[in-house]
Amino acid sequence: MIPGRSSGRPDRPGAALANEVEGYLLLRVERDQARLEATALCARLPWLTTAQAEDLSRHYVEQRLGLTRQALQVTADRAHRLRAEYEARHAVLRRTLLKWHAACASLVLTAAGTAGTGLYVLAR
């Protein structure tokens, strides 16, 4: 994980606030972009009255932000599933590695004990 990036759990003071501010700024950029697109759409429809153009713009922005929210939710859900899968796999790999280290340490201790016993027998 990249230090300072959100893992769902703030790892330092202010991380939650920084994540919240980042989310707010990203939302503002998305809303501004949707408004620009709505304005461009209304400009291509010159027969709309001012009230109709405002209504169309409002509906477009709401629709666009809803789609963005939905896409972000799908992405976040996928990230949580992947994190759970990776953590489970990591735990399995750690257990396997620990077993191998324990087996190797046992072999080394057995070999050292056998060599020590052999040297003791030969030295007598």
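Residues numbered from 1 in each chain as written. Predicted model: local features only at pLDDT ≥ 70, side-chain atom pairs only at ≥ 80, totals over all residues. Heavy atoms only, no water.

K.L.:
Would you mind going over the side chain of Glu30 with me for this structure?
P.N.:
Examined against the element boundaries, Glu30 turns out to sit in helix H1 (residues 15-43). For Glu30, the side chain forms a polar contact with the side chain of Arg64, separated by 2.7 Å. Sequence-distant contacts of Glu30, defined by excluding residues within four places in its chain, comprise Arg64, Leu65 and Thr68. (Helix = DSSP H or I, 4+ residues; strand = E, 2+ residues; numbered from the N terminus. Polar contact = N/O pair within 3.5 Å; in protein donor to acceptor, adjacent residues only side chain to side chain. Contact = heavy atoms within 4.5 Å.)

K.L.:
Got a minute to help me understand the environment of Ala16 in this structure?
P.N.:
Along the chain, Ala16 turns up in helix H1. Considering only alpha carbons, one finds Ala16 and Leu98, 82 residues apart in sequence, at a separation of 35 Å.

K.L.:
What should I look at first to understand helix H2 (residues 50-123) in this one?
P.N.:
At 3.6 residues per turn, the α-helix brings residues three or four places apart onto the same side. For H2, spanning 74 residues, the distance from its first C-alpha to its last is 106 Å, which sits close to the expected 110 Å at 1.5 Å a residue. Among the residues of H2, those classed as buried are Ala53, Val61, Arg64, Leu65 and Thr68. Where the residues of H2 are buried, they touch H1. (Expected span 1.5 Å × (residues − 1). Buried < 20%, exposed > 50% of the residue type's maximum accessible area, 1.4 Å probe, protein only.)

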